Amino acid sequence: MKVTGFSFISNVNRRTIYFLLIILALSRFFYLNYINWTNGELCTGKGGIQYGYDAYRYLDGAERVINHQKFIEDESKYTGYIFLIAFVKTAGMDLSFVLIMQLIFALLASLALYDIGKSITKSKAAGLLAAGFYLINPFITQWHLFIHTESFYSSMLTISTWTIYKAVIKNNLKFYIISLIIISYTALIRPNGLIIFPIFFCFAIIAQKINLKIKIISVASIIITFFLILIYVPVFSNNVKVLETHDLLLKGEIIWGHKESQLDMPKETASENNYSKLGFMYILKHPITVTKLAIHRVAAELLPIYRPWNSTKFIIRFLLWMLPAYILSLIGAVFLRRNIGISIIMSIIISHLFIIACTYSDQEFRFLMYILPLIYLMGVFGLYEVYKKILKYYFKTEKY
């Protein structure tokens, strides 16, 4: 007897379950945002619009757009978000409408997760769980009411992943163009989005019916070209320069601004101002030490370590939410490794962890927020596969 999903439940009861899952997820989503708005329970402890350390950059940038002035410092790296704020202010609305936009895009991202989940597993239940876990996760929800790129970028990254998946599955020029437009805007929100471009082009090549050797050469060429562009083309290398990757390597920076967690690294004198090139050369000279630093950075972003300021209550909550997702994600990746959708999702996740490995971890887990929706999507795949294995074993050993 073949059993998948909720096939042993009647259609009427199944629809009821789906409806209840949707109501539960949406209710919890709006409730979490409500308590954040009223008293900031999940974030700062203060209600209303939330302002983080980088908020001044986006607000100042928006004022410069409105007044037709040039950007200063690194504001040009976040034009996608700055123009959103400028649009809202130009329309005569206050900043709360920026938050409304972020909530709307979070809901759109949940639809993207639902569609990917349903498409890959052929189960509406899996899709609803993927969307539901995303909507009710407090570590994601806490950022929706901030004047920060975190919520908006995370939503757009999820939507970009969905568009790449749909484009590759459809293998249609129209879908590729739509996907490229959405990816381009995502890259304007944060420089991290640049990493999506080689992923898009690689999977566009993989989807074509051409010789395997040509595919391998093409994919390798795309990846090499991307890194050469980051190193040598000023408009892109400046993004890396802002991060001062080479200096961060020399410092052994794990978590930004916290010297107590820094690793001892080999010292050397900078010979030029191309930070991306210097960083690349430093990695080639000290691969083992740099790899050790990279592992520490990624571990620090994925787990509550090197952060003595975190309370025991926070650490327990964090681990209860994250560890099951991590474990189930790995299970999903193993069982569904041949699915191209899984390859796309894992590429997006790994590429963003790679950025952390090359730069630093954030003290508030902001960089984890970007990929957390996709990690939970992978976790649902793992949960679904475990569920199917249990059902298969159960119906195989029992007679009905």
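Small disclaimer: the values here were computed from a predicted structure and weren't measured.

Asks: Break down a nonpolar patch on the surface for me, citing the residues and quoting the values.
Replies: Nonpolar side chains collect at one region of the surface, where Phe-97, Ile-100, Ile-104, Leu-108 and Leu-111 lie side by side and expose about 420 Å² of accessible area between them. Here Leu-111 is to be found in helix H4 (residues 96-121). Here Leu-111 falls in the exposed class, since its relative accessible area comes to 53%.

Asks: Now, about unusual backbone geometry: what can you tell me, with residues and values included?
Replies: The phi angle at Asn-171 is positive, at roughly 50°, despite the residue not being glycine. By secondary structure assignment, the location of Asn-171 is in the loop between helix H7 (149-170) and helix H8 (173-189). Phi at Phe-365 is positive, roughly 60°, even though this residue is not glycine. Tracing the backbone through its elements, the reader meets Phe-365 in the loop between helix H16 (340-358) and helix H17 (366-397).

Asks: Lay out the packing of aromatic side chains with the relevant residues and their values.
Replies: Applying the stated criterion across every chain, the model contains 24 aromatic pairs. Ring geometry for Tyr-58 against Tyr-78: centres 5.6 Å apart, planes inclined by 75°, an arrangement best described as edge-to-face. In this pair, Tyr-58 sits in helix H2 (residues 55-66) while Tyr-78 sits in the loop between H2 and helix H3 (79-90), placing the two residues 20 residues apart along the sequence. For Tyr-58, a relative accessible area of 0% translates into the label buried. Between Tyr-176 and Phe-200, the aromatic rings sit 6.0 Å apart at their centres with planes inclined by 80°, giving edge-to-face as the arrangement.

Asks: Could you give me a rundown of the side chain of Thr-79, with the residues and numbers involved?
Replies: Locating Thr-79 in the fold gives a position in helix H3. On the basis of relative accessible area, Thr-79 is assigned to the buried category, the value being 14%. In this view, Thr-79 contacts Phe-71 and Leu-188; residues no more than four positions away in its chain are not counted.

Asks: Which residues make up the nonpolar core, and what values do they have?
Replies: Ranked by internal contacts, the top residues of the largest apolar core, which has 92 residues, are Tyr-81, Ile-345, Leu-368 and Phe-381. Here the element with the most residues in this core is H17; it accounts for 14 residues. In this structure, Leu-249, Ile-254, Met-265 and Leu-293 belong to the second largest nonpolar core, which totals 10 residues.

Asks: Hey, could you go over the side chain of Asp-74 for me, with residue numbers and the actual values?
Replies: Looking at where Asp-74 falls in the secondary structure, it is placed in the loop between H2 and H3. Within the structure, the side chain of Asp-74 is placed 3.4 Å from the side chain of Arg-57, a separation counted as a polar contact.

Asks: Please give an account of H3 that cites residues and values.
Replies: With 12 residues, H3 extends 15 Å from end C-alpha to end C-alpha; this agrees with the ideal 16 Å at 1.5 Å per step. Among the structural elements, H2, H4, H7 and H8 are those in contact with the buried residues of H3.

Asks: Provide a residue-level description of the environment of Met-281, including the pertinent values.
Replies: Mapped onto the elements, Met-281 comes out in helix H13 (residues 275-285). Each C-alpha atom, one on Met-281 and one on His-246, is 9.1 Å from the other, the two residues being 35 residues apart in sequence.

Asks: Would you mind going over the pattern of salt bridges in detail, with residue names and values included?
Replies: This model, assessed by the stated rule, comprises 11 salt bridges. In this structure, Asp-54 and Arg-57 form a salt bridge, with 3.9 Å as the shortest nitrogen-oxygen distance. For the pair Asp-54 and Arg-57, a shared accessibility class is recorded, and that class is buried. A salt bridge links Arg-57 to Asp-74; the shortest N-O distance between them is 3.4 Å.

Asks: Explain the packing of helix H9 (residues 196-206) against H16 to me, and be specific about the residues and the numbers.
Replies: Closest axis-to-axis distance for the H9/H16 pair is 10 Å, and the angle between their directions is 160°. The angle between the axes of H9 and H16 places the two elements in the roughly antiparallel class. Relative to H16, the crossing made by H9 is right-handed. Of the residues in H16, those in contact with Ile-196, Ile-199, Phe-203 and Ile-206 of H9 are Ile-340, Ser-343, Ile-344, Ser-347, Ile-348 and Ser-351. Looking at side-chain class alone, the contact of H9 with H16 contains 7 nonpolar, 3 polar and no charged residues.

Analysis parameters
- Residue indices begin from 1 for each chain and proceed along its sequence in written order.
- pLDDT decides what is reported in this predicted model: residues at 70 or higher carry local features, side-chain atom pairs at 80 or more are listed and counted, and totals for whole chains, interfaces and linings draw on all residues regardless.
- The side-chain numbers reported here are obtained from all heavy atoms of the structure, hydrogens and water having been left aside.
- By definition, no residue in a patch forms a salt bridge, and every one has over 30% relative accessible area; like charges are joined within 9 Å, nonpolar side chains (Val, Leu, Ile, Met, Phe, Trp, Tyr) within 5 Å.
- Methods summary: accessible areas were calculated by the Shrake-Rupley approach with a probe of 1.4 Å, and residue burial reflects only the protein chains presented.
- A carboxyl oxygen of Asp or Glu within 4 Å of a side-chain nitrogen of Lys or Arg is what we treat as a salt bridge.
- Per the convention used, a helix needs a DSSP run of H or I reaching at least four residues, while a strand needs a run of E reaching at least two, with both numbered from the N terminus.
- Buried residues are those whose accessible area, probed at 1.4 Å on protein chains only, stays under 20% of the maximum for their type, while exposed residues exceed 50% and partly exposed ones sit between those limits.
- Only the six-membered ring of Trp is used, alongside the rings of Phe and Tyr, when aromatic pairs are assigned; centres must lie within 6.5 Å, and planes under 30 degrees apart are stacked while those over 60 apart are edge-to-face, with the rest tilted.
- By definition, residues are in contact when any of their heavy atoms lie within 4.5 Å.
- Think of a nonpolar core as a cluster: buried Ala, Val, Leu, Ile, Met, Phe, Trp, Tyr and Cys residues, connected wherever their side-chain atoms sit within 4.5 Å.
- Polar contacts, as used here, are pairs of N or O atoms within 3.5 Å; protein pairs need one atom able to donate a hydrogen and one able to accept it. Residues neighboring in sequence count only if both atoms are side-chain atoms.
- Helix span, as expected, comes to 1.5 Å for every residue beyond the first.
- Axis lines are fitted through C-alpha atoms, for helices just across the contact stretch, and the angle between N-to-C directions can take any value from 0 to 180 degrees.
- Roughly parallel refers to an angle under 35 degrees, roughly antiparallel to one over 145, roughly perpendicular to one between 65 and 115, and oblique to any angle outside these ranges.
- Whether a crossing is left-handed or right-handed is set by the direction in which the near helix is turned from the far one by less than a right angle, anticlockwise for left-handed and clockwise for right-handed.
- In this classification, Asp, Glu, Lys and Arg are treated as charged, Ala, Val, Leu, Ile, Met, Phe, Trp, Tyr, Cys and Pro as nonpolar, and every other residue, Gly included, as polar.

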